[in-house]
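# Reading the structure
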Amino acid sequence: MPTVAMKVNGANVVHDIPDNTLLVSFLRETMGLTGTHVGCDTSQCGACIVHVNGESIKSCSILAAQLDGADVTTIEGIANGDELHPMQQAFHENHGLQCGFCTPGMVMSAIELVEKNKNLSEREIREGLEGNICRCTGYHNIVKSVQDAATRMGG
Amino acid sequence: MYSTKYVKARDIDDAVKALKSADDGKFLAGGMTLIPTLKQRLANPDCLVDLSACGLSSIDDEGSAIRIGAMTRHVDVAESALVQKAIPALTHLAAHIGDRQVRNRGTIGGSLANNDPAACYPAALLALGGTVHTQSRSIAAEDYFDGMFETALEEDEIIHAVSLPKPEKAAYVKFPNPASRYAMVGVFVAKFADGVRVAVTGAGEDGVFRAHDLEAALNANFSADAIADGMVSSDGLMSDIHASADYRAHLIGEMTRRAVNACT
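Now for a quick tour of the structure.

Analysis parameters
- Residues numbered from 1 in each chain as written.
- Chains lettered and ligands numbered in written order.
- Predicted model: local features only at pLDDT ≥ 70, side-chain atom pairs only at ≥ 80, totals over all residues.
- Heavy atoms only, no water.
- Helix = DSSP H or I, 4+ residues; strand = E, 2+ residues; numbered from the N terminus.
- Rg over C-alpha atoms; globule rule 2.2 N^0.38 Å.
- Core = buried A, V, L, I, M, F, W, Y, C linked by side-chain atoms within 4.5 Å.
- Buried < 20%, exposed > 50% of the residue type's maximum accessible area, 1.4 Å probe, protein only.
- Domains from an automatic or database assignment.
- Contact = heavy atoms within 4.5 Å.
- Expected span 1.5 Å × (residues − 1).
- Patch = residues over 30% accessible without salt bridge, like charges linked within 9 Å, V, L, I, M, F, W, Y side chains within 5 Å.
- Areas by Shrake-Rupley, 256 points an atom, 1.4 Å probe, with all protein chains shown as cover.
- Salt bridge = Lys/Arg side-chain N within 4 Å of Asp/Glu carboxyl O.
- Lys, Arg positive; Asp, Glu negative; His and termini not counted.
- Charge placed at Lys NZ, Arg CZ, Asp CG, Glu CD.
- Polar contact = N/O pair within 3.5 Å; in protein donor to acceptor, adjacent residues only side chain to side chain.
- Axes fitted to C-alpha atoms, helices over the stretch in contact; angles between N-to-C directions.
- Parallel < 35°, antiparallel > 145°, perpendicular 65-115°, else oblique.
- Left-handed = near helix turned anticlockwise from the far one by under 90°.
- Nonpolar A, V, L, I, M, F, W, Y, C, P; charged D, E, K, R; others polar.
- Buried area = accessible area lost by both parts, 1.4 Å probe.
- Pairing = 2+ DSSP bridges.

## With respect to the overall build of chain A
What chain A contains, in helices and strands, is 5 helices and 5 strands. Its helices and strands taken in sequence order, chain A reads β-β-α-β-β-β-α-α-α-α from the N to the C terminus. Taking 15 Å as the expected radius of gyration for a compact globule of 155 residues, we find that chain A reaches 15 Å, a close match to that expectation. Over its C-alpha atoms, taken along the principal directions, chain A stretches across nearly 45 × 30 × 25 Å.

## Notes on the nonpolar core
B:Leu90, B:Leu112, B:Tyr121, B:Leu125, B:Tyr144, B:Leu164 and B:Phe188 are the most contacted members of the largest nonpolar core, which has 39 residues in total. Ranked by residues supplied to this core, first place goes to helix 8 (residues 121–127) of chain B with 6 residues. Shared between two domains, this core holds at least three residues of each, these being domain 2 (59–165) and domain 3 (169–262) of chain B. Not counting the four nearest positions on each side in its chain, B:Leu90 is found in contact with B:Ile66, B:Ile68, B:Val77, B:Val83, B:Tyr121, B:Ala124 and B:Leu164. Grouped together as the second largest cluster of nonpolar side chains are 30 residues, A:Cys48, A:Val50, A:Leu63 and A:Ala70 included.

## What about helix 5 (residues 140–152) of chain A?
Residue and element names in this part refer to chain A. Spanning 13 residues, helix 5 covers 19 Å between terminal C-alpha atoms, matching the ideal 18 Å at 1.5 Å per step. Here helix 5 has its buried residues at Asn141, Ile142, Val143, Ser145, Val146, Ala149 and Ala150. Looking at the buried side of helix 5, the elements it contacts are helix 2 (86–93), helix 3 (103–116) and helix 4 (122–128). Looking one or two residues beyond helix 5, the residue adopting positive phi is Gly154, at roughly 110°.

## Points about a negative patch on the surface
Residue and element names in this part refer to chain B. A surface patch of like charges, here negative, comprises Asp23, Asp24, Asp46, Glu154 and Glu155. Tracing the backbone through its elements, the reader meets Asp46 in the loop between helix 2 (34–39) and strand 3 (47–50). Using a relative accessible area of 31% as the deciding quantity, one classes Asp46 as partly exposed.

## With respect to the pattern of salt bridges
Side-chain pairing between opposite charges can occur once the charged atoms of the two side chains come close. Residue and element names in this part refer to chain B. Counted under the stated rule, the structure contains 23 salt bridges over all chains. The salt bridge involving Arg137 is made with Glu157; its shortest N-O contact spans 2.7 Å. Taken together, the residues span a long stretch of sequence, with Arg137 in the loop between strand 6 (131–134) and strand 7 (138–140) and Glu157 in the loop between helix 9 (141–144) and strand 8 (159–165) at a distance of 20 residues. According to the relative accessible area criterion, Arg137 is partly exposed, its value standing at 34%. A relative accessible area of 5% means that Glu157 is categorised as buried. Among the charged side chains, a network of salt bridges with common partners joins Glu142, Arg197, Arg210 and Glu215.

## Section: helix 1 (residues 12–20) of chain B
Of the residues making up helix 1 of chain B, those classed as buried are B:Ile12, B:Asp14, B:Ala15, B:Val16, B:Ala18 and B:Leu19. The opening residue of helix 1 of chain B, the one whose side-chain oxygen lies 3.2 Å from the backbone nitrogen of B:Asp13, is B:Asp11.

## Notes on the packing of helix 2 of chain A against helix 3 of chain A
Residue and element names in this part refer to chain A. Relative to each other, helix 2 and helix 3 sit at 125°, their axes nearing to 9 Å. Classified by the interaxial angle, the pair formed by helix 2 and helix 3 is oblique. When you trace helix 2 past helix 3, the crossing you get is right-handed. Of helix 3, the residues touching helix 2 (which contributes Met87, Gln88 and Phe91) are Thr103, Met106, Val107, Ala110, Ile111 and Val114. Looking at the contact of helix 2 with helix 3, its residues break down into 7 nonpolar, 2 polar and no charged.

## Looking at the interface of chain B and chain A
With 28 residues of chain B at the contact, the number on the chain A side is 25 residues. When chain B packs against chain A, the two sides together hide about 2,200 Å² of surface, and 46% of this comes from carbon and sulfur. Of all residues in chain B, B:Lys39, B:Arg100 and B:Gln101 give up the largest surface area on contact with chain A, accounting jointly for 29% of the area buried on that side. Between the two partners, chain B and chain A, sit 18 residue pairs in polar contact (both at pLDDT 80 or more). When residues of the side of chain B that touches chain A are traced back to their parent elements, those giving at least two are strand 1 (5–8), helix 2, strand 3 and helix 6 (100–103) of chain B. Here the side of chain B that touches chain A is built from residues that sort into 11 nonpolar, 7 polar and 10 charged.

## Let's talk about the sheet that holds strand 2 (residues 25–28) of chain B
Residue and element names in this part refer to chain B. Taken in spatial order, the 3 strands of this open sheet run 1-3-2, and their pairing is parallel. Two strands in the sheet have a free side with no partner beyond their single neighbour: strand 1 and strand 2. Strand-to-strand twist of the sheet, defined as the mean angle between neighbouring strand axes without regard to direction, takes the value 25°. As paired elements, strand 1 and strand 3 share 4 bridges and run parallel to each other. Across the sheet, residue Tyr6 finds its bridge partner in strand 3, namely Leu48. Strands strand 1, strand 2 and strand 3 of the sheet are contacted by helix 1, whose axis makes an angle of about 150° with strand 2.

Coordinates in, geometry out; function isn't part of it.
Written as structure tokens, this is what we have:
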């Protein structure tokens, strides 16, 4: 069983895990960080998106062992204490969710999108969220949320 | 996922040694096809040999061609100023593979080694007349693809890099499947001093192929008008739930016209 050491939400963690452990299983079952969701099991829905070394990836499509030494941020790690991340605040105020299941992945994906480009067109936002599937909202308020957050984040 | 052993190779020699010591090992590049395949229990390798620490990520100008390391991710190709200047069609292609999260992990070498019949990179390699470099030899694109999910690579052969000649102009246009976003038909048109090459992905029963009839038409007249309706035969094209062979034949003509118009 390999030993995996990584930084998760700023804290150093070390665990012995089976070789075939997916990052999402490591986060949810070993770390108890259940904010990262499993929506599809086929690598399509994006509910499991987290940041690895600042980039968004699907945590269901990578082994935890591949990320030995990596810096991982989950939805639990983006707020500043009680103060929500601007992307979370924008989703809250623009009602960018209905059931909320896809929201952690949407927020993590959108943060990277906006950090790379703060002047996104609506089309660029829609294309940028291609890897995230929402079955409730029709995406309209999600796009509004990301536009709002881009302004809050300095766009 | 079945149980398996994970090994992070230090270099190419280490990777080959790890694969040889396994009964049924697999090289792991970005994992954007392999990991989902394992999750579905469609494969059961006893060992995964991770190539990410083998130092194969690079983009270099070689004068008449660019050389891209096998573990270079789609996002790195899409954001490379060198690629944008030398082969903008490749920038466009890389920027539209899968989704952002796939592009943050998926690699050019992994895509070419897997040779999915609907992947985008095989069309670029074939249309640009590229070369695949492994630890033991260099394989011309014409000799590399060997049918759906099959290539000329030996079991323990690892792609180091790919050389892609710079065309006078080129474009890649795909018609994505509305659900999977894989190419239902993707056409890469590349114009060189010695002629035009047209490579088609997503459509052929044997994977990527060159459309020689379309190349002849474009060599005579490099214009979208040169591509007449009915010029593409449906022989040898896939027919499935997503599209009939006839529809794919139509799409090949239309995507070729669009690619010619988009050539830069």
